[in-house]
Amino acid sequence: MTNKVLILVGTKKGAFVLESDAARKSWELRGPYCETWPMNHVIADPATGTILAGGGSEWFGPAVWKSDDLGTTWTHSSAGLAYPEGETPIKAVWSLAKSGASLYAGVDPAGLFRSDDGGETWSHLGGLRNHPSRPHWNPGGAGLILHSLLPHPEDDKRLWVGISAAGVFHTADGGETWETRNRGTRADFMPEDQRYPEFGQCVHCLVMAPGMPDRLYQQNHCGMYRSDDGGRQWTSIEAGLPSSFGFPAAAHPRDPSTLYLLPLNGDSAGRYVPDGKAAVWRTRDGGETWEDLRDGLPQGNTYFGVLRQAMATDRLEPAGVYFGTSTGSLYASADEGDSWTCVAQHLPTVLSVETMVVEA
Amino acid sequence: MAEDPASRPVVVKLPAALVRLFPEATRQVEIPASVATVGDAIDALDRRWPGMRDRICDTTPCIRRHMNVFVRGERSDLETRLEPGDEMVVLTAISGG
């Protein structure tokens, strides 16, 4: 039986937790946590109930914070979260993912680390930075960040990562060797005859379809895409959407053909919701068709954006959908996106949203 | 018997925002005079409160861009020599947004 539902919010000034019961009608906000450090990604380990928060302080550098009591008390560590002396130091942790007993962290500048002791100590998986494309990786607007981490749910040697702006990479050997997985995704910012390179695409967010690990969805700087073969080939699914630009994507907890996006008005048009009206866009057929979900969302004079890790679903039935804005508002839907409620406002800029369902 | 000046400890002062990250830490700590440099003193802090070095220094290795360490009133680096009785002041620099 579901006891409570938590929304885990990473912001520019600390982590926050919102808590509700299974009805998800009223929410109680707690925080700020993590000494108000910028927290790029706050996740839950559903097996243990541990909350993990990855970020970096301008003063004190990168760290992964951890709470075993749903946010009341925290510890932090960056032991081993380091490149060799002389290399550009790690600025911040950008993404976290649990895979079996291991925890992965993606960092800025882009690289991948693994912890086998719950985030106390970290080891660099150097294979990614040894990829021949590495000298040619260029940073996106937020830096050279490894922001998307998708472990295969059944094969702990397989993992996909998304790097801005290097593209999607896949390993089948636990991180020793990597392959680019960008065929079919555009790089509109390149000269006309170089817009489908092997790597260098500006992937914004990568998510996996539930129960279909080789079905991936991607929101890119230049389009929205689906792959049904683990990223070897991507197909555009942007027809029917109001723009080709956005940051977040959120998969449904059970239906591999349902996806949520939040398109923005374009990379040089302010990066707001289109026409000053907020909408989440949902597909139920893998991106063939889209519907805009607006009930309860502001429909005028609205100039927020939603960042790449700031939208999520929960695993309840019907699924909850959540997103946080650049202006510090948090919206929640308890009916798969059909209707929305603002559950927090005046937070710092929201950088990430994840959920945890706690059983009684 | 008069105190031997060569044995006077280095006094390290730490900023509140750093001390809050380490529950056992204190704002002021004495480090044995045997430490030769600022880097050695930070290593001594790290032995006392594991992880503190990473909060003050990056892996270049350098003092972090938005941290400052002052010795004898001068901004210092990891190689700055320490003398017995020195005061080493760690400060958070202007940063943020």
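What comes next concerns the included structure.

Conventions and cut-offs
Residues numbered from 1 in each chain as written. Chains lettered and ligands numbered in written order. Predicted model: local features only at pLDDT ≥ 70, side-chain atom pairs only at ≥ 80, totals over all residues. Helix = DSSP H or I, 4+ residues; strand = E, 2+ residues; numbered from the N terminus. Rg over C-alpha atoms; globule rule 2.2 N^0.38 Å. Buried ≥ 20, exposed ≤ 12 C-beta atoms within 10 Å, placed from the backbone. Pairing = 2+ DSSP bridges. Axes fitted to C-alpha atoms, helices over the stretch in contact; angles between N-to-C directions. Contact = placed C-beta atoms within 7 Å. Nonpolar A, V, L, I, M, F, W, Y, C, P; charged D, E, K, R; others polar. Core = buried A, V, L, I, M, F, W, Y, C linked by C-beta atoms within 7 Å. Arc of directions from axis to C-beta.

1. So, the overall build of chain A
Right, so step 1: A tally of helices and strands in chain A yields 0 helices and 28 strands.
Right, so step 2: The C-alpha radius of gyration computed for chain A amounts to 19 Å, which stays within 12% of the reference 21 Å derived for 360 residues, consistent with globular compactness.
Right, so step 3: Residues classed as buried in chain A amount to 53% of the 360 residues present.

2. Quick word on the sheet that holds strand 25 (residues 321-324) of chain A
The pairing of strands in a sheet comes from backbone hydrogen bonds and takes either a parallel or an antiparallel form.
Residue and element names in this part refer to chain A.
Right, so step 1: Across the sheet, 4 strands lie side by side as 24-25-26-27; this open sheet has antiparallel pairing. Only two strands of the sheet have a single neighbouring strand rather than two, namely strand 24 (311-313) and strand 27 (341-344). For this sheet, the mean inter-axis angle between neighbouring strands, taken without regard to orientation, is 25°.
Right, so step 2: By the bridge criterion, 3 bridges tie strand 24 to strand 25 in an arrangement that is antiparallel. Across the sheet, Ala312 pairs through a bridge with Tyr322, a residue of strand 25.

3. Notes on the sheet that holds strand 2 (residues 14-20) of chain A
Residues and elements named next belong to chain A.
Right, so step 1: Strand order in the open sheet formed by 4 strands is 3-2-1-28, with antiparallel pairing between adjacent strands. The strands lining the two open edges of the sheet, one partner per strand, are strand 3 (28-33) and strand 28 (350-359). Adjacent strand axes in the sheet meet at a mean angle of 20° when their direction is disregarded.
Right, so step 2: Relative to strand 28, strand 1 (residues 2-11) runs antiparallel, the two sharing 9 bridges. Within strand 28, the residue paired with Leu6 across the bridge is Met356.

4. Side note on the interface of chain B and chain A
Right, so step 1: Taken together, the contact pairs 16 residues of chain B with 14 residues of chain A.
Right, so step 2: Classifying every residue of the side of chain B that touches chain A by side-chain character gives 4 nonpolar, 7 polar and 5 charged.

5. Some remarks on the nonpolar core
Right, so step 1: Counting 109 residues, the largest nonpolar core has Leu8, Val9, Ala105, Met311, Tyr322 and Leu330 of chain A as the members making the most contacts within it.
Right, so step 2: Element by element, the count of residues in this core is highest for strand 16 (residues 203-209) of chain A, at 6 residues.
Right, so step 3: Apart from the residues within four sequence positions on either side, Leu8 of chain A is in contact with Val17, Val42, Ile43, Ala44, Ile51, Glu354, Thr355 and Met356 of chain A.
Right, so step 4: Grouped together as the second largest cluster of nonpolar side chains are 23 residues, Val10, Leu14, Leu45 and Val71 of chain B included.

6. Thoughts on the environment of Glu154 of chain A
Right, so step 1: Looking at where Glu154 of chain A falls in the secondary structure, it is placed in the loop between strand 12 (145-151) and strand 13 (159-164).
Right, so step 2: For Glu154 of chain A, a count of 8 C-beta atoms within 10 Å translates into the label exposed.

7. Notes on the environment of Asp116 of chain A
Residue and element names in this part refer to chain A.
Right, so step 1: Positionally, Asp116 belongs in the loop between strand 10 (111-115) and strand 11 (123-124).
Right, so step 2: For the pair Asp116 and Gly100, spaced 16 residues apart in the sequence, the C-alpha separation amounts to 9.6 Å.
Right, so step 3: When residues no more than four places from it in sequence are discounted, the contact partners of Asp116 are Ala101 and Ser102.

8. A short note on unusual backbone geometry
Right, so step 1: Look at the link from Ser164 of chain A to Ala165 of chain A: it is a cis peptide, with omega at 0°.
Right, so step 2: Its place among the elements puts Ala165 of chain A in the loop between strand 13 and strand 14 (167-171).
Right, so step 3: Look at the link from Thr60 of chain B to Pro61 of chain B: it is a cis peptide, with omega at 5°.
Right, so step 4: Residue placement: Pro61 of chain B occurs in the loop between helix 3 (52-56) and strand 3 (67-71).
Right, so step 5: Positioned with a positive phi, Thr36 of chain A is a non-glycine residue whose angle comes to about 60°.
Right, so step 6: Considering the arrangement of structural elements, one finds Thr36 of chain A in the loop between strand 3 and strand 4 (39-45).
Right, so step 7: Judged by local crowding, Thr36 of chain A falls into the partly exposed class, with 16 C-beta atoms found within 10 Å.

9. Some details on the pairing of strand 22 (residues 280-283) of chain A
Residues and elements named next belong to chain A.
Right, so step 1: Side chains Val280 and Arg282 project from strand 22 onto one buried face, and the interleaved Trp281 and Thr283 project onto a second face that is buried too.
Right, so step 2: By the bridge criterion, 3 bridges tie strand 21 (residues 259-264) to strand 22 in an arrangement that is antiparallel. Counterpart to Leu259 in the pairing with strand 22 is Thr283.

10. Digging into helix 2 (residues 38-48) of chain B
Residues and elements named next belong to chain B.
Right, so step 1: Along helix 2, the positions that sit buried rather than exposed are Val38, Gly39, Ala41, Ile42 and Leu45. Down the axis of helix 2, the buried set is contained in an arc of 160°. They therefore lie on one face.
Right, so step 2: Next to the buried residues of helix 2 lie strand 1 (10-13), strand 2 (28-31), helix 3, strand 3 and strand 5 (87-92).

11. Digging into the pairing of strand 1 of chain A
Residue and element names in this part refer to chain A.
Right, so step 1: Counting buried residues along strand 1, 7 of its 10 residues qualify, which places the element largely inside the surrounding structure.
Right, so step 2: With 7 bridges joining them, strand 1 and strand 2 adopt antiparallel strand pairing. Bridging across to strand 2, Gly10 finds its partner in Ala15.
Right, so step 3: Turn length for the strand 1-strand 2 hairpin, with the two strands adjacent in sequence and antiparallel, is 2 residues.

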